[in-house]
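A closer look at the structure
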Amino acid sequence: MYIPTQEERYSKVARLTLLLCVIIPSGIVAWLADVGDLLSCLCAFLWPIALPLDYAGFNQVAALCISALVQGIAFFALAATHRLSAKTKLTIAITWGMLFALLLRILIAYAVWQSVLNAPAS
């Protein structure tokens, strides 16, 4: 039985795999927090950049568009570079996705904490 080496296993990583490594962790955090429908969960990775922009004075649509633009440029730069190995690209995409999932979880916890503090006393 032939067992491929680690270099052979990571020789080609599809862009879809890299994209899913970025999107899925934040989507799972949003789904577990019961944020909304499927589209909200798929776009959850945009919020860690968009929410600070929203607080800075941009409206939500502009903040989400800026976040999508920044992350799109970063993603295509990561996917198109030939200086990084496929394993390194995959590691960067997983780290990026997990970092944004952590930031999203912190933002959700902060929003819940603010709603508890601002709730009227009964």
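This paragraph deals with the overall build of the chain. Along its length, the chain carries 6 helices and 0 strands. Its helices and strands taken in sequence order, the chain reads α-α-α-α-α-α from the N to the C terminus. Radius of gyration (C-alpha) of the chain: 18 Å, far over the 14 Å computed for a compact globule of 122 residues. Once the C-alpha set of the chain is aligned to its principal axes, its extents read approximately 70 × 30 × 20 Å. About 8,500 Å² of surface is accessible on the chain, with carbon and sulfur atoms providing 70% of the total. Across the chain, the 7 positively charged side chains and the 5 negatively charged ones have centroids separated by 13 Å.

What follows covers the packing of helix α4 (residues 47-55) against helix α6 (residues 86-117). At a minimum axis distance of 9 Å, the contact between α4 and α6 shows a crossing angle of 45 degrees. On the basis of their axis angle, the class for α4 and α6 is oblique. Contact residues: α4 offers W47, P48, I49 and L51, while α6 offers F100, L103, L104 and L107.

A contiguous nonpolar surface patch, about 710 Å² in accessible area, is contributed by L16, L19, L20, I24, I28, W31 and L32. As for its placement among the helices and strands, L16 is situated in helix α2 (residues 15-32). Residue L16 is classed as exposed on the basis of its relative accessible area of 56%.

With the rule as written, the count across this model stands at 3 aromatic pairs. An angle of 70 degrees between the planes, with centres 5.4 Å apart, marks the rings of F75 and F76 as edge-to-face. Among the residues examined, F75 registers a relative accessible area of 7% and is labelled buried. What makes F76 exposed here is its relative accessible area of 51%. Seen from their ring centres, Y110 and W113 are 6.1 Å apart, and the 45 degrees between their planes marks the pair as tilted. Placement of the pair is Y110 and W113 together in helix α6, with a separation of 3 residues, close to one helical turn. You can call Y110 partly exposed: its relative accessible area is 41%.

This part is about the nonpolar core. By size, the foremost hydrophobic cluster in this structure holds 13 residues, and its most contacted members are L18, V22, F45, F75, A93 and W96. Those elements giving two or more residues to this core turn out to be α2, α5 (60-80) and α6. Dropping the residues within four chain positions of it, V22 is found in contact with F45, Q71, A93, W96 and G97. Within the second largest apolar cluster, 7 residues are counted, among which are C41, A44, A101 and I108.

Rules of the game
Residues numbered from 1 in each chain as written. Predicted model: local features only at pLDDT ≥ 70, side-chain atom pairs only at ≥ 80, totals over all residues. Heavy atoms only, no water. Helix = DSSP H or I, 4+ residues; strand = E, 2+ residues; numbered from the N terminus. Rg over C-alpha atoms; globule rule 2.2 N^0.38 Å. Areas by Shrake-Rupley, 256 points an atom, 1.4 Å probe, with all protein chains shown as cover. Lys, Arg positive; Asp, Glu negative; His and termini not counted. Charge placed at Lys NZ, Arg CZ, Asp CG, Glu CD. Axes fitted to C-alpha atoms, helices over the stretch in contact; angles between N-to-C directions. Parallel < 35°, antiparallel > 145°, perpendicular 65-115°, else oblique. Contact = heavy atoms within 4.5 Å. Patch = residues over 30% accessible without salt bridge, like charges linked within 9 Å, V, L, I, M, F, W, Y side chains within 5 Å. Salt bridge = Lys/Arg side-chain N within 4 Å of Asp/Glu carboxyl O. Buried < 20%, exposed > 50% of the residue type's maximum accessible area, 1.4 Å probe, protein only. Phe/Tyr/Trp six-rings, centres within 6.5 Å; stacked < 30°, edge-to-face > 60°. Core = buried A, V, L, I, M, F, W, Y, C linked by side-chain atoms within 4.5 Å.

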